[in-house]
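# Observations on the model geometry
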Amino acid sequence: MGSSATGQGHYWLLVASFFLLSSSTVYGQLTPSFYASSCPVLEHIVRSAVAQAISTDRRMGASLLRLFFHDCFVQGCDASILLDDVGSSFVGEKTAFPNVNSVRGYEVIDRIKATVERLCPGVVSCADILALAARDGTVQLGGPSWDVPLGRRDSTTASLSQANSDLPAPTSSLSSLISSFGNKGLSARDMTALSGAHTVGYARCKNFRSHIYNDTADIDASFAAMRRGSCPAAQGSGDGNLAPLDELSELAFDNAYYADLVARRVLLRSDQELFSGGSQDALVKQYSADGVLFFADFAAAMVKLGNISPLTGSAGQIRANCRVVNSS
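Residues numbered from 1 in each chain as written. Predicted model: local features only at pLDDT ≥ 70, side-chain atom pairs only at ≥ 80, totals over all residues. Heavy atoms only, no water.

- The name given to the chain in an unreviewed UniProt entry is Peroxidase, and the organism recorded there is Urochloa decumbens.
- Looking at the chain in UniProt, the text filed under Subcellular location (unreviewed entry) is "Secreted".
- The record held by UniProt for the chain lists under Catalytic activity (unreviewed entry) the comment "2 a phenolic donor + H2O2 = 2 a phenolic radical donor + 2 H2O". (UniProt positions renumbered as here; feature names shortened; annotations may be inferred.)

See below:
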C-alpha cells in the first residue's frame with residue numbers, strides 16, 4: 001500500500017508551498033533565501049551529496065531525517081548533536097541513550113560541510129546543512145519536498161541530560177508523546193504526521209523486544225511471531241539486530257506506515273499508541289487512505305520542527321568543523 005499521491009498531481013506540494021509563502025514572516029529570521037547571495041550553490045551541494053550517500057546506502061535517507069529530529073528536540077535546531085566529546089572537558093549528546101550506537105549520518109554531514117567550506121567559507125551553519133539534508137533525504141526516498149527556512153547558527157554547547165530526557169522513548173504512551181511534542185511547540189497532529197517518518201528506516205531489537213513479546217493484546221500475532229525470529233526474548237541477546245519499521249516498503253517514503261498501524265503490525269510500542277483507541281485513530285485512518293494529505297501535513301510539520309529554538313543573528317557561531325566548537 002504505497003502513497004496515493006502518485007497520479008494526483010502535485011496537490012501536496014501546492015499545499016505545502018501555500019503554507020510556506022510567508023515563511024520569512026511566520027518563522028522570524030529564518031527564510032529559504034538566506035544564502036541566495038552568500039552561498040548560492042548550497043542546495044545543489046547538499047542535494048548531490050545526499051543522493052550519493054543514499055545510492056551507496058539507501059538507509060541513509062531515514063538516518064539523516066532522524067539525525068535532524070534528534071538535533072531539534074535537544075536545545076533546538078542548533079547542530080548540538082554533531083559535537084564530539086572532548087575528554088572530560090566537553091560532553092556531547094552522541095552517547096545519550098537514544099543516540100548511542102543508533103544515530104547515523106555524521107560522516108555525510110562532514111562531507112557536505114567540507115565542500116561548503118571550500119566554496120563558501122565561514123558562511124553556512126551545520127544546523128542548516130542538517131535541515132537541508134533531512135529534506136533531501138526524504139525526497140530521494142520518494143517523499144514530499146518543502147522550502148527549508150534557513151539562517152540558523154550553531155551552538156557552542158550540548159546537553160546529554162536533555163537528550164536523555166526530551167527525546168521520546170520507544171515505549172512512550174500516547175499522552176507522553178503528545179506532551180513531549182507539545183513541549184516543543186508541535187501539535188498532536190504534527191506528532192502523528194512526523195511519526196510517519198517511520199515509513200522508512202529500521203529499529204534495533206532492544207527497542208522493540210518488549211512490544212513483540214509483551215503487548216500481545218495490541219499487536220498482530222503473526223507479525224509478532226515473525227519478528228521474534230530475529231529478536232530473542234533474553235535481554236542482551238541480539239540487541240542490535242535490525243528489523244524494518246515499515247514492513248510493507250521500508251525503503252520508500254510513502255503512507256504505508258499508517259496501514260501498518262491499522263493492521264497492528266509495527267515494531268515500536270510508541271508507534272502503535274497512535275492507533276490504540278485514542279485521539280489519533282481517526283487521523284491515522286485518514287493518512288492510511290490519503291497519501292496526499294499525509295505528504296502535505298508532513299512537509300508543514302517538518303518546517304515547524306525546524307523552527308524549534310533556532311539560534312539566529314549573533315547568537316552561537318558558524319562552526320568550521322561540525323564536530324567541534326570553533327576555538328576563540
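### Examining the overall build of the chain
- Looking only at helices and strands, one finds 15 helices and two strands in the chain.
- What you see for the chain is a C-alpha radius of gyration of 19 Å, in line with the 20 Å of a compact globule of 328 residues.
- Its C-alpha atoms put the chain at 55 × 50 × 35 Å along the principal axes.
- Counting all 328 residues of the chain, 53% fall into the buried class.
- Taking the contacts inside the chain whose residues are at least 6 apart along the sequence as the reference set, 76% of them involve residues at least 24 apart.
- If you sum the accessible surface of the chain, you get close to 13,100 Å²; carbon and sulfur atoms cover 53% of it. (Helix = DSSP H or I, 4+ residues; strand = E, 2+ residues; numbered from the N terminus. Rg over C-alpha atoms; globule rule 2.2 N^0.38 Å. Buried < 20%, exposed > 50% of the residue type's maximum accessible area, 1.4 Å probe, protein only. Contact = heavy atoms within 4.5 Å. Areas by Shrake-Rupley, 256 points an atom, 1.4 Å probe, with all protein chains shown as cover.)

### Observations concerning helix α5 (residues 106-119)
- For α5, with 14 residues, the first-to-last C-alpha span of 20 Å sits near the 20 Å given by 1.5 Å per residue.
- Listing the buried residues of α5 in full gives Y106, V108, I109, I112, K113, V116 and E117. In an axial view of α5, the angular spread of the buried residues amounts to 165 degrees, which keeps them on one side of the axis. Turned more than 90 degrees off the buried face of α5, the exposed positions are R118 and L119. (Expected span 1.5 Å × (residues − 1). Arc of directions from axis to C-beta.)

### Concerning the pattern of salt bridges
- The tally for this structure, following the rule as stated, stands at 20 salt bridges.
- Residue R135 is joined to E43 by a salt bridge in which the shortest nitrogen-to-oxygen separation is 2.8 Å. Residue R135 is found in helix α6 (residues 126-140), and its partner E43 is found in helix α3 (residues 42-56); the two are separated by 92 residues along the sequence.
- A relative accessible area of 5% places R135 in the buried class.
- Taking relative accessible area as the criterion, E43 reaches 27% and is therefore assigned partly exposed.
- Through salt bridges that share partners, D84, K94, E107, D110 and R323 make up one connected network. (Salt bridge = Lys/Arg side-chain N within 4 Å of Asp/Glu carboxyl O.)

### Re the packing of aromatic side chains
- Taken as a whole, this structure holds 14 aromatic pairs when the rule is applied.
- Centroid distance F69 to F181: 5.9 Å. Interplanar angle 35 degrees. Geometry classified as tilted. Placement of F69 in helix α4 (residues 60-72) and of F181 in helix α8 (residues 174-182) is noted, with a sequence separation of 112 residues between them.
- F181 sits in the buried class, given a relative accessible area of 5%.
- Consider the rings of Y257 and Y258, whose centres lie 4.9 Å apart with planes at 80 degrees: the pair is edge-to-face. A single burial state applies to Y257 and to Y258, both of which are buried.
- Through pairs of rings, three or more aromatic residues link up here, namely W146, F253, Y257, Y258, Y287, F294, F295 and F298.
- The ring of Y106 carries the charged tip of K94 above its face, separated from the ring centre by 4.2 Å. (Phe/Tyr/Trp six-rings, centres within 6.5 Å; stacked < 30°, edge-to-face > 60°. Lys NZ or Arg CZ within 6 Å of the ring centre and 35° of its normal.)

### Structural notes on unusual backbone geometry
- Non-glycine residue A79 carries a positive phi angle of around 65 degrees.
- Looking at where A79 falls in the secondary structure, it is placed in the loop between α4 and α5.
- Assessed through its relative accessible area of 0%, A79 is described here as buried.
- Positive phi is not limited to glycine here, since S309 has a value of about 45 degrees.
- Assessed through its relative accessible area of 49%, S309 is described here as partly exposed.

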